[in-house]
Amino acid sequence: MERVVNLCKRRGLVFPSSDIYGGFRSTWDYGPLGVLLKRNVKDAWWRSMVQLRDDVVGLDSAILMHPRVWEASGHVATFSDPLVDCKQCKSRFRQDHLPESGACPNCGTKGSFTEARQFNLMFKTHVGPVEDEANAAYLRPETAQGIFVNFKNVQTTSRLKPPFGIAQVGKSFRNEITPGNFIFRTREFEQREMEFFVPPADGPKWFDYWVQARHDWYIEHGIPESSITVRPHDTDELSHYSTGTSDIEYAYPWGWGELEGIAQRTDFDLTQHAKFSGEDLNYFDQESGEHYVPHVIEPAAGADRAALAFLLSAYDEEEVNGDKRTVLRLHKRLAPIKVAVLPLSKNEQLAPITSEIASKLRPYLMIDSDVSGAIGRRYRRQDEVGTPYCVTVDFDSLEDSAVTVRERDSMQQTRIPIADVVAYLREQFD
Ligand code: ATP
């Protein structure tokens, strides 16, 4: 973990937020390479959830919503964690995260905790200049409710018929009592959520389908099978409205942690919003002549937690010819930079070919060009941020009109004619 966090800071993946002010309470900023990685994680999700399917559409709803939304969803009444204080050292903890020994994780004192108090996790703010209850609003703690309140808008305008889904990616905010473990638990984070609306009898079938599909997505994108598990919730852990929830967990360095939850939410959300808004949120099935409230299966995933899991799984150190090589074996789709175009040296004879290849690749792939330092060191710099291919322009290129393409994991080098190199590299990312 330490090594991944250091790499993130050293190479511009993730910085502490407000760094020059000493950071700010477990908030993080994604730097030039981190923003690419996180965007690729979100895009890979969108590709499999929306682009490659004919039964899911997208949405981008507002972070600020009508306060009644959070009453209807149950967040005002029940979205809270049990908070305890250590009487000895005054540190605060989530009661359900305390060790079984009953010792304070900070000072080690046993049995020093106050009674638990329920602490609502929603960030409250005011809309407009007057700070009173009438103008109170919340930053959304999940993206899901934006989908539920748009159910009718989307269903009618897109003329969709259950089973169908609505997907959304965006920021959510929770005033977590104990954020930490780098980007695993923060107060501002990004979610990738999809609500899949089905005829009530089909709920269990689609639940199994989505648990499997979401598990497979992580494997397809480079998480080893041994680092991932599906954990069904015990009955006493289930939300009051859920008839079944399974978490996809990852073997983080501190233990198993949730990457994503897949929940059967039944008709709870649509029924609540129909009740609170007065809108009819039934679906009318013309074929059967039936009116029903669809049941919902929700795969809800974090983008930051996934990015961390991909980084941890990809991180590798190996010895090559007596030297240590650090390499991020990221899936090609997730790698921040796809190709680095490198002249063998700063010699100006090599510059025109280098910049020609770079500008031909740029419209299709995120590229980097780096001229400073020995070529071996430049390869290592690309390896440690996971760049799948390096193209090297050398003095032979001036004679044979070809370049060397080096592959990250095998370090194998292939000579390719300059005329073919753009097509060759684009094919590697198809
Ligand atoms: P946890 O039990 O870890 O607090 P949760 O069960 O409350 O998580 P959900 O409400 O199911 O989480 O949210 C769906 C996903 O959103 C989680 O699986 C996780 O990937 C992500 N997520 C939730 N809270 C946070 C957070 N504070 N920081 C980063 N990601 C989060």
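The sections below set out a description of the structure shown in this document. As the structure is a prediction and not an experimental result, all values here were calculated from the model.

1. Comments concerning the overall build of the protein
Phase 1 of the analysis: When helices and strands are counted, the protein shows 13 helices and 23 strands.
Phase 2 of the analysis: When its C-alpha atoms are laid out on the principal axes, the protein stretches across 75 × 65 × 50 Å.
Phase 3 of the analysis: Counting over 430 residues, the protein shows a buried share of 33%.
Phase 4 of the analysis: Here the contacts in the protein between residues at least 6 apart in sequence split such that 64% fall between residues at least 24 apart.

2. Describing helix H2 (residues 32-51)
Phase 1 of the analysis: Among the residues of H2, those classed as buried are Leu33, Gly34, Leu37, Lys38, Asn40, Val41, Trp45 and Met49. Summarising the axial view, the buried residues of H2 lie within an arc of 150 degrees, below the 170-degree limit, and thus occupy one face. Across from the buried face of H2, at angles greater than 90 degrees, the exposed residues are Pro32 and Gln51.

3. With respect to the pairing of strand S16 (residues 295-302)
Phase 1 of the analysis: For S16, a buried count of eight out of eight residues is recorded, marking the element as mostly surrounded by other parts of the structure.
Phase 2 of the analysis: Along S16, one buried face is formed by His295, Ile297, Pro299 and Ala301 and the opposite face, lined by Val296, Glu298, Ala300 and Gly302, is buried too.
Phase 3 of the analysis: Sheet analysis places strand S10 (residues 188-198) next to S16, joined by six bridges and oriented antiparallel. Looking at the pairing, valine 198 lines up with histidine 295 of S16.
Phase 4 of the analysis: Pairing of strand S13 (residues 255-266) with S16 involves six bridges; the strand directions are antiparallel.

4. A short note on the site of the ligand
Phase 1 of the analysis: Within the structure, the ligand sits among 16 residues, and Phe189, Gly261, Ala300, Gly302 and Arg305 are positioned closest to it.
Phase 2 of the analysis: Counting only elements with at least two residues in the shell around the ligand, the list comes to S10, S13, S16 and helix H9 (303-314).
Phase 3 of the analysis: Per-element tally for the shell around the ligand: the top contributor is S13, with four residues.

5. Comments concerning the sheet that holds strand S20 (residues 367-369)
Phase 1 of the analysis: In spatial order, the strands read S20-S19-S21-S22-S23; together these five strands make up an open sheet with mixed pairing. Because the sheet does not close on itself, it has two edges, and the strands there are S20 and strand S23 (413-417). Sheet twist, expressed as the mean angle between neighbouring strand axes with direction ignored, is 25 degrees.
Phase 2 of the analysis: With three bridges connecting them, strand S19 (residues 339-343) and S20 associate as parallel partners. Following the sheet pairing, alanine 340 is matched in S20 by aspartate 368.
Phase 3 of the analysis: On the sheet, helix H10 (residues 351-361) packs against S19, S20, strand S21 (389-393) and strand S22 (402-407) and is oriented at approximately 170 degrees with respect to S19.
Phase 4 of the analysis: Taken strand by strand, helix H13 (residues 418-428) contacts S19, S21, S22 and S23, and its axis lies near 125 degrees from that of S23.

6. Side note on the packing of H2 against H9
Phase 1 of the analysis: For the pair H2 and H9, the least separation of the axes is 10 Å and the interaxial angle reads 110 degrees. The angle between the axes of H2 and H9 places the two elements in the roughly perpendicular class. On H9, the residues touching Leu37, Lys38, Val41 and Lys42 of H2 are Ala303, Ala306, Ala307 and Phe310.

Calculation rules
- Residues numbered from 1 in each chain as written.
- Predicted model: local features only at pLDDT ≥ 70, side-chain atom pairs only at ≥ 80, totals over all residues.
- Helix = DSSP H or I, 4+ residues; strand = E, 2+ residues; numbered from the N terminus.
- Buried ≥ 20, exposed ≤ 12 C-beta atoms within 10 Å, placed from the backbone.
- Contact = placed C-beta atoms within 7 Å.
- Arc of directions from axis to C-beta.
- Pairing = 2+ DSSP bridges.
- Near = placed C-beta within 6 Å.
- Axes fitted to C-alpha atoms, helices over the stretch in contact; angles between N-to-C directions.
- Parallel < 35°, antiparallel > 145°, perpendicular 65-115°, else oblique.

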